[in-house]
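Reading the structure
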Amino acid sequence: MTQQDLPPPPPPWRLLRPVLIVAVAVIVGFALVSVASSLGQRVGDGIAASEEEEFAEIEPGRRVEVVIPSGASAETIGEILRDAGLVRSASQFETAVRAAGVDANLQSGTYEFITGSTMQEIIVELQAGPRIVVFDVTIREGLRVTEIIDVLAEASGIDRSLFVEALESGFVETDVAELPEAPTLMDWEGLLFPDTYRFSAQATPADMLGRLSNTMQQRMDAIDWSSLEAAGFSRYQGIIIASLIESEVRVADERPIVSSVIRNRLIDGARLDIDATVLYAMGIRDPAGIDVSFDSPYNTRVVSGLPPGPISAPGLAALQAAAAPAETEFRYYVLTAEDGSHAFAVTLEEHNANVAASREAGIIP
């Protein structure tokens, strides 16, 4: 073939077209990836920020008791579960419940969950209803620590010796008083708050007693003790005074008045002469068996000042009366009516007259 027969060479731009196409494709691809990455980052940041606001650490393997109130919404239940360390996010829980269409099926009650359970497992449990076995127990004001143990042991079916062990071995703690390294039951007197409690069947003696101890700390912290402390008494002595008030008073309005009598006599340096302290020292309840000369630092018929510790578990009203006694000049009181009312007196002469009247009425022997 001669040179004249060869086809003419293609224009230069045709040779470059494949290269240009590949280059444009690469540039567009990089641009799309960059945009997608930027958008994904922004979305991820938004999700992370949302989760950070509601994030809850979960320590797996713990038993957690939660109470779901009647009529609680999925949002409220999510918040309860998040605060208990059972789900990471309340909003994620609510979203999962609504996506499953079961938000109207979640049941109220007391549940016991294991931390680390999946959200689906928790939702199934909430639909099935509470399975936890609970029991209520009422600790009355004025009970002694041994009597509180008896009540808890009977209500729970657990041997009372395990409650004694929990208190004496340090399994239960308190910030209300400084306990010795090996506390006795008497050291725990007055430090367990009387109230109505609900416990799960799985609760141990230390769990139950810990609730009573923590509740006493909370009640003490809620009271203004400045007046008592200004008078030279400690908060622990406030519990002692409250236990005396709890043992002496049956008419609610008289608590601050009896508190004033106790404080006035303490400031005077006089004996308190409270028979309830003698009964406590003797370990009995029946006044018929009282021996007012019984040798004990708790016997305020013999020893001046406060006993070394509380004589019972005071309730909130007695604690408040101990912290804020009425402003009176009374130094004496005596029982004068079947409903537990007392007559109060400033002088011994007035008191003796009240005692005589009460005996004549057959109120006291």
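In this structure, L152, L167, F199, I262 and L319 are the most contacted members of the largest nonpolar core, which totals 59 residues. With six residues, the top contributor of residues to this core is helix α9 (residues 235-248). Excluding anything up to four places from it in sequence, L152 contacts V137, I139, F163, F199, L209 and L212. Counting residues in hydrophobic clusters, the runner-up holds 19 residues, among them V64, A74, L106 and I123.

This paragraph deals with the pattern of salt bridges. On inspection of all chains with the given rule, the structure shows 16 salt bridges. The salt bridge involving R62 is made with E59; its shortest N-O contact spans 3.5 Å. For R62, a relative accessible area of 34% puts it in the partly exposed group. Across the salt bridge formed by E112 and R63, the nearest N and O atoms sit 2.7 Å from each other. Separated by 49 residues along the polypeptide, E112 in strand β2 (residues 109-114) and R63 in strand β1 (residues 63-68) bring together distant segments of the chain. Put simply, E94, R98 and D103 are held in one network by salt bridges that share partners.

So, on to the packing of α9 against helix α10 (residues 255-268). Look at α9 against α10: their axes get within 10 Å of each other, and the N-to-C directions meet at 130°. Taken together, the axes of α9 and α10 are oblique relative to one another. Taken as a pair, α9 and α10 cross one another with a handedness that is right-handed. Touching I241, L244 and I245 of α9 are R255, S259, I262 and L266, all from α10. When the residues that make up the contact of α9 with α10 are grouped by side-chain class, the tally is five nonpolar, one polar and one charged.

This part takes up helix α6 (residues 160-168). Buried residues of α6: F163, V164, A166 and L167, and no others. The arc that holds the buried residues of α6, viewed along the axis, is 160°, so those residues lie on one side. Directly beyond the C-terminal end of α6, a positive phi value near 90° is found at G170.

Okay, the pairing of strand β6 (residues 342-345) next. Burial along β6 is two-sided: the face carrying H342 and F344 and the face carrying A343 and A345 are both buried. One ladder, built from four bridges, connects strand β5 (residues 332-335) with β6; its direction is antiparallel. Directly across from Y333, in β6, lies its bridge partner F344. Hairpin remark: β5 followed by β6, antiparallel, with six residues in the connecting loop; positive phi at G340, about 95°.

This model, assessed by the stated rule, comprises six aromatic pairs. When the centroid spacing of 5.8 Å and the interplanar angle of 15° are considered together, the rings of Y197 and F199 count as stacked. An identical accessibility class is assigned to Y197 and F199; each is buried. Taking 6.0 Å as the distance between ring centres and 45° as the angle between the ring planes, the aromatic pair formed by Y333 and F344 counts as tilted. Of the two residues, Y333 is situated in strand β5 and F344 in strand β6; the sequence distance between them amounts to 11 residues. According to the relative accessible area criterion, Y333 is buried, its value standing at 15%. Judged by its relative accessible area of 17%, F344 is buried. Here the aromatic residues F135, Y197 and F199 are joined through ring pairs into a cluster of three or more.

At a closest axis distance of 8 Å, the pairing of α9 and helix α12 (residues 316-323) adopts a crossing angle of 120°. Relative to α12, the element α9 is oriented oblique. Between α9 and α12 lies a crossing of right-handed hand. Residues G238, I239, I241, A242, I245 and E246 of α9 touch α12, and the partners they reach there are A318, L319, A321 and A322. Per-class residue counts for the contact of α9 with α12 are eight nonpolar, one polar and one charged.

What counts and what doesn't
- Residues numbered from 1 in each chain as written.
- Predicted model: local features only at pLDDT ≥ 70, side-chain atom pairs only at ≥ 80, totals over all residues.
- Heavy atoms only, no water.
- Core = buried A, V, L, I, M, F, W, Y, C linked by side-chain atoms within 4.5 Å.
- Buried < 20%, exposed > 50% of the residue type's maximum accessible area, 1.4 Å probe, protein only.
- Helix = DSSP H or I, 4+ residues; strand = E, 2+ residues; numbered from the N terminus.
- Contact = heavy atoms within 4.5 Å.
- Salt bridge = Lys/Arg side-chain N within 4 Å of Asp/Glu carboxyl O.
- Axes fitted to C-alpha atoms, helices over the stretch in contact; angles between N-to-C directions.
- Parallel < 35°, antiparallel > 145°, perpendicular 65-115°, else oblique.
- Left-handed = near helix turned anticlockwise from the far one by under 90°.
- Nonpolar A, V, L, I, M, F, W, Y, C, P; charged D, E, K, R; others polar.
- Arc of directions from axis to C-beta.
- Pairing = 2+ DSSP bridges.
- Phe/Tyr/Trp six-rings, centres within 6.5 Å; stacked < 30°, edge-to-face > 60°.

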